[in-house]
Amino acid sequence: MTLTSDEILALPKVVLHDHLDGGLRPSTLIELAAAIGHELPSTDPDELGRIFAENANSGDLVRYLEAFAHTTAVMQTAENLTRVAREAVVDLAADGVVYAELRYAPEQHVAGGLSLQEVVEAVQSGIEEGVAEALEAGRAIRAAAILDAMRHLDRSVEIAQLAIANRGTCCVAFDIAGPEAGFRPSLHREAFQILREAHMPVTIHAGEADGAESVGEALGLGSARRLGHGVRIHEDIEGLDTDEPALGIIARHALDQQIPLECCPTSNVQTGAAPSVAEHPMHALRDLGFAVTVNTDNRLVSGVSMSSEFAALSEAGWTVEDLFEATLAAAWAAFLPYDERADLAELVIEGYGIDL
Ligand SMILES: [Zn+2]
């Protein structure tokens, strides 16, 4: 039985993988673009949202990525970064999210003259304002930021140092984003070495546009504690849908160490990492015991929310117990201090009313 939209909205949610530049409100993008004279495909919020979602569903990566040129164009001042971050937190809270990790690449926001540190501080101000605004509206949410380095560029050492310098206050982890195919974690060996020596948590986009070898590098060389998507880890499993699947070394490691997979159902279909939500490998991976979590990736660009992803999974046969398990896994996978993760897990358990 599928869940109703009210039932889904009421469930507490945890999102670990949500890009700040992929989740702007269409109305905000239009307003900020007008102020700097940046031309958009439409100045009608509904139509703009529709155009982005259509591009995302077109199967054409160039059309999919076009949206980010528009969003990052308006995210080049402290004021705009703060606003976008504030609205992201408020919107997530309104969708029933109780904990969010928002990620962004500071190096994408310095074209207007901001320093990397100023970018980080502007986003943090927005996150704090958003948390306060949501609370005023009766929605308690916690939110934190993950700093991304762009994997096809060469600033990862700098971003790793930035993440370490802002550890805890404005940044809970480091990630590499951008084109995965052709830009493996090993290109950023030095950054990962610095992060490892500083005990800085790392998550890595891997197993989305590239296969199990990329996942292997993320876990080995990158010491990733979580995998962004991680979906194509199934390529390291023979007979995934059979009674006796044979796991390769990489899949075995991810399962045994319960490395959380930050799955993003709709986005994974849009980028070709999964054939459809119904046939997404995350179902079989979950059944095998992998730590599967549910995420949005890009709310504006993919035309999704946590609730819409939950609804899509509900239609694909997920029960409320399944959604609970994925949310509990996400709570324990948060890059938060242990006691705060325990509190978050408690909140999730209460919210789903599940007897353990
Ligand atoms: Zn992503």
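Just above sits the structure.
The sections below set out a description of the structure shown in this document. (Residues numbered from 1 in each chain as written. Predicted model: local features only at pLDDT ≥ 70, side-chain atom pairs only at ≥ 80, totals over all residues. Heavy atoms only, no water.)

### Let's talk about helix H8 (residues 189–197)
Part 1 of the argument: All of the buried residues in H8 are Ala191, Phe192 and Leu195. Viewed end-on, H8 has its buried residues packed into an arc of 95°, placing them on one side of the element. Away from its buried face by more than 90 degrees, H8 exposes Arg189, Glu190 and Glu197.
Part 2 of the argument: Among the structural elements, helix H7 (156–165), strand E4 (173–177) and strand E5 (203–206) are those in contact with the buried residues of H8.
Part 3 of the argument: Looking one or two residues past H8, His199 carries a phi angle of roughly 55°, positive in sign. (Buried < 20%, exposed > 50% of the residue type's maximum accessible area, 1.4 Å probe, protein only. Helix = DSSP H or I, 4+ residues; strand = E, 2+ residues; numbered from the N terminus. Arc of directions from axis to C-beta. Contact = heavy atoms within 4.5 Å.)

### With respect to the sheet that holds E4
Part 1 of the argument: On the basis of which strands lie adjacent, the open sheet formed by four strands has the order E1-E2-E3-E4 and parallel pairing. Each edge of the sheet is formed by a strand with only one pairing partner; in this case those strands are strand E1 (13–19) and E4. Direction aside, the axes of adjacent strands within the sheet are offset by 25° on average.
Part 2 of the argument: As defined by bridge partners, E1 adjoins strand E2 (residues 97–104) across five bridges and the pair is classed as parallel. The residue bridging Lys13 from the neighbouring strand is Val97, located in E2.
Part 3 of the argument: Here helix H5 (residues 78–94) sits on the sheet and contacts E1, E2 and strand E3 (142–150); the angle it forms with E2, its principal contact strand, is near 145°.
Part 4 of the argument: Contacts between helix H16 (residues 338–352) and the sheet are confined to E1, E2 and E3, with E2 contributing the most and set at about 130° to the helix. (Pairing = 2+ DSSP bridges. Axes fitted to C-alpha atoms, helices over the stretch in contact; angles between N-to-C directions.)

### Comments concerning the coordination of the zinc ion
Part 1 of the argument: Distances from the zinc ion to its protein donors, His17 (NE2), His19 (NE2), His205 (NE2) and Asp297 (OD), fall within 2.1 to 2.5 Å.
Part 2 of the argument: In this structure, the zinc ion is surrounded by four donor atoms whose angles at the metal cover 82 to 170°, and the resulting shape is irregular.
Part 3 of the argument: Sequence positions of the donors to the zinc ion reduce to the motif H-x1-H-x185-H-x91-D. Of this pair, His17 sits in strand E1 while Asp297 sits in the loop between strand E10 (292–294) and helix H13 (299–302), placing them 280 residues apart in sequence.
Part 4 of the argument: For His17, a relative accessible area of 0% corresponds to the buried category.
Part 5 of the argument: Take Asp297: its relative accessible area is 3%, and that puts it in the buried class. (Donors = N, O, S within 2.8 Å, 3.2 Å for Na, K, Ca; no water. Tetrahedral: all angles 85-135°; square planar, octahedral: opposite > 155°, others 65-115°.)

### Describing the packing of aromatic side chains
Any two aromatic rings considered together are summarised by their centre-to-centre distance and by the angle between their planes.
Part 1 of the argument: Evaluated as defined, the whole model comprises four aromatic pairs.
Part 2 of the argument: Ring plane angle 85° and centroid distance 5.9 Å describe the contact between Phe174 and Phe192, whose orientation is recorded as edge-to-face. One end of the pair, Phe174, is in strand E4; the other, Phe192, is in helix H8, with 18 residues separating them in the sequence. Taken as a pair, Phe174 and Phe192 share a single burial class, namely buried.
Part 3 of the argument: Centroid distance Trp332 to Tyr338: 5.9 Å. Interplanar angle 35°. Geometry classified as tilted. (Phe/Tyr/Trp six-rings, centres within 6.5 Å; stacked < 30°, edge-to-face > 60°.)

### What about the nonpolar core?
Part 1 of the argument: Within the largest apolar cluster, 110 residues are counted, with the highest numbers of intra-cluster contacts made by Val14, Leu20, Phe174, Leu227, Ile233 and Phe290.
Part 2 of the argument: With residues up to four places along the chain from it excluded, the contact list for Leu20 reads Met75, Val84, Ala85, Ala88, Leu102, Arg103, Tyr104 and Val123. (Core = buried A, V, L, I, M, F, W, Y, C linked by side-chain atoms within 4.5 Å.)

### Digging into the sheet that holds E5
Part 1 of the argument: One open sheet accounts for four strands, arranged E5-E6-E9-E10; its pairing is parallel. Two strands in the sheet have a free side with no partner beyond their single neighbour: E5 and E10. On average, each strand axis in the sheet is tilted by 30° relative to the strand beside it, whichever way the strands run.
Part 2 of the argument: Summarising the sheet, strand E9 (residues 261–263) and E10 pair through three bridges and their orientation is parallel. Paired with Glu262 across the bridge in E10 is Thr293.
Part 3 of the argument: Where helix H15 (residues 320–333) meets the sheet, it contacts strand E6 (226–229) and E10, and its direction lies at approximately 95° from that of E10.

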